[in-house]
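Read off the chains here:
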Amino acid sequence: MRTEAGRILIAERIIGNDKIDDYGEVLRYNVFHAELVIRHAEDRKVRKMENAINLNEINIDSKPPEDEPARQYYFMAKCRRYVKAESERLGRPLTAAVITFGCQMNARDSEKLSGILESIGYLPAEDENADFVIYNTCTVRDNANQRVYGRLGHINSLKKKNHHMKVALCGCMMQELSVIEKIKKSYRFVDLVFGTHNIYKFAELLAEMFDSGDICGTHSGGQNASHRIIIDIWENTDKIVEDLPVERKYPFKSGINIMFGCDNFCSYCIVPYVRGRERSRSPEDILREISALARDGVAEVMLLGQNVNSYGKTLENPITFAQLLREVEQIEGIERIRFMTSHPKDLSDELIAVMKESKKICRHLHLPLQSGSTRILTAMNRRYTKEQYLALAEKIRREIPDISITTDIIVGFPGEEPADVDETIDVIKKVQYDNAFTFIYSKRTGTPAAAMAEAMTGTPEENLEREMMVKEGFDRLLKVVQDTARQRVARLEGQILDALVEEVNEQDSRLLTGRLSNNTIVHFPGDKSLIGRIVPVYLKECHGFYYLGEKR
Ligand code: SF4
């Protein structure tokens, strides 16, 4: 793991101090569009499974029920029989690794995959040396795809030694036809592939995989041409299946999906194609889930959606995101509410008012800018101008002066010139972000921007010249982001603020790591019995992007 403080902090901010040992260019990390690899192998002893039901009571000799989630519980009970038989054959418990690439939505999906795997009898594994490995993939940037292929090469060698090993792939990358073709051609040892729309069917697909015959290690590790890969990819769905088991990563905080998909079609983004059209969960289901989490000791919730500001529009009885927040605020036991991500074009005055009045909504807003040039914003199909964005940021700062604003920025969008980067730098200076996640544009096949990029492809010399121009713009912009963010974070020095204690510091076990309402990290001496509690901390020394403090 790299030790440069800012880089670690970026990772911490997003995924809550997971173990990260392979995260490459973290400066190109985006809240939703990420290349981070998150391992789900930390200490799980303290966590409780959500929605767990007794699988022993299910008669698996009868026909599977048609209704969900009963159907999936039936298949979980069936899978458990396979896992038990294999475990007895090997004389040890079976292990499973869920390896997540990407965003908070994927991280939450992985908690659901882990919940099902643990329900059927797998123990969580530290790494790919496991009996079952599933990669929950991200496709927002091309090198996220390349990374998965690299990991599959490693898995192939493991599987040659452990013929009974099973390998599955799911997530956004699997929604791309070219990826499926490549897996069928070059990665025939993979056992199971499914996409984003049918993740709820994981237990059913696992049962099909086990049924396909080689659970007992009698095959050649999938190396033979006849090995059957189970592939189930849906183009879209309007289905939301509730109440499947979830294995939560933290006992005291949790993500909650409030909606799925996106209708915005920003021209560079593949999400609407791989995650489908926007679908909101019913407020009743969301509130029921959060109330149950609160009863289970969860103090902080993060409401998740690609564009939370348009929550509720597709419901039979539409409600606004601000109204939903008001309801969440009423839930006893919930002390902190976060959400991501907000599209600036949909951020309403009603939401700003609710945030301002709230005692529980955290003082942090992630407000993706992407570009400060109206010309490029139009090409990106973002549907706001530089001036509209600045006016919105000013209004938010005026109404909620203690708020931290963070953002995402893309440099090198097709057609962008140095003058456009200057416009973006101007916005950074005016808004004064607490942090910004900056990326060099990555072409995603099938998006309108990819066609623009292709149309602009020139001679190798011209392409190289453009690459250098983009890099120069990126470095210039990054320096402004870092300088601004350092100054912003330093403004808190000397204050006493509440921090939710998240864990023992990874580098120094005498320290605890906590998160302020505005998402800033503070490390301070303390006993691990404080983990999960909100405590006042004196912010003694600012170290760039984080603080060293003392408990008060
Ligand atoms: S709002 Fe735009 S960038 Fe965000 S997920 Fe939707 S299409 Fe992608």
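Residues numbered from 1 in each chain as written. Predicted model: local features only at pLDDT ≥ 70, side-chain atom pairs only at ≥ 80, totals over all residues.

(A) Looking closely at the overall build of the chain. In terms of regular secondary structure, the chain is built from 15 helices and 22 strands. Each of the 552 residues in the chain was classed as buried or not, and the buried ones make up 46%. Put simply, of all contacts in the chain between residues at least 6 apart along the chain, 74% involve residues at least 24 apart. (Helix = DSSP H or I, 4+ residues; strand = E, 2+ residues; numbered from the N terminus. Buried ≥ 20, exposed ≤ 12 C-beta atoms within 10 Å, placed from the backbone. Contact = placed C-beta atoms within 7 Å.)

(B) Quick peek at the sheet that holds strand β21 (residues 534-543). Spatially, the five strands close up into a barrel ordered β18-β19-β20-β22-β21, and their pairing is mixed. Neighbour-to-neighbour, the strand axes of this sheet turn through a mean angle of 50 degrees, independent of strand direction. Alignment of strand β20 (residues 521-525) against strand β22 (residues 546-551), held across three bridges, turns out to be parallel. In the strand pairing of β22, H523 is matched with L548. (Pairing = 2+ DSSP bridges. Axes fitted to C-alpha atoms, helices over the stretch in contact; angles between N-to-C directions.)

(C) Focus on the site of the ligand. The ligand sits among C262, N264, F265, C266, C269, V271, P272, Q306, N307 and H343. Class assignment of the residues belonging to the shell around the ligand gives a composition of six nonpolar, four polar and no charged. (Near = placed C-beta within 6 Å. Nonpolar A, V, L, I, M, F, W, Y, C, P; charged D, E, K, R; others polar.)

(D) Local environment of the pairing of strand β17 (residues 435-440). Of all six residues that make up β17, five are buried, and the element is covered over most of its length. Two strands pair when backbone bridges link them, and strand β16 (residues 404-411) and β17 are joined in this way by six bridges, in the parallel orientation. Paired with I409 across the two strands is T438, which belongs to β17. In terms of handedness, the path from β16 via helix α13 (residues 418-431) over to β17 forms a crossover that is right-handed. (Right-handed = clockwise from strand over helix to strand, strands pointing away.)

(E) Molecular detail of the sheet that holds β17. The strand order across the open sheet formed by three strands is β15-β16-β17, and the pairing between neighbours is parallel. Strands with a single pairing partner mark the edges of an open sheet, and in this sheet they are β15 (364-366) and β17. On average, adjacent strands in this sheet sit at an angle of 15 degrees to one another, irrespective of strand direction. The pairing of β15 with β16 spans three bridges and is classified as parallel. Looking at β16, one finds that H364 is bridged to S404.

(F) Quick look at the packing of α13 against helix α15 (residues 460-490). With their axes 10 Å apart at the nearest point, α13 and α15 run at an angle of 10 degrees to one another. Looking at the two axes, α13 sits roughly parallel to α15. The segment α13 lies against α15, with P418, V421, T424, I425, I428 and K429 engaging M469, G473, R476, L477, V480, V481 and T484. (Parallel < 35°, antiparallel > 145°, perpendicular 65-115°, else oblique.)

(G) Molecular detail of the environment of N136. Here N136 is to be found in strand β5 (residues 132-137). With 28 C-beta atoms counted inside 10 Å, the residue N136 sits in the buried group. For N136, the contacting residues outside a window of four places in its chain are V98, I99, T100, F101, N106, D109, S110, L113, C170 and G171.

(H) Quick peek at the environment of C269. In this fold, C269 is placed in the loop between β11 (259-260) and α7 (271-274). Placed 129 residues apart in sequence, C269 and V140 show a C-alpha to C-alpha distance of 7.1 Å.

(I) How the structure looks around unusual backbone geometry. Of note, the amide linkage connecting E68 to P69 takes the cis form, showing an omega dihedral of 5 degrees. Of note, P69 is situated in the loop between β2 (49-50) and α2 (70-90). Of note, the amide linkage connecting M340 to T341 takes the cis form, showing an omega dihedral of 5 degrees. Positive phi outside glycine occurs at Q370, with the angle close to 70 degrees.

(J) Main features of the packing of helix α9 (residues 321-329) against helix α10 (residues 349-357). Two numbers describe how α9 lies on α10: the axes approach to 8 Å, and their chain directions differ by 20 degrees. With respect to α10, the axis of α9 lies roughly parallel. Of the two possible hands of crossing, α9 and α10 adopt the one that is left-handed. Together, F321, A322, L325 and R326 of α9 and E350, L351 and V354 of α10 make up the contact between the two elements. (Left-handed = near helix turned anticlockwise from the far one by under 90°.)

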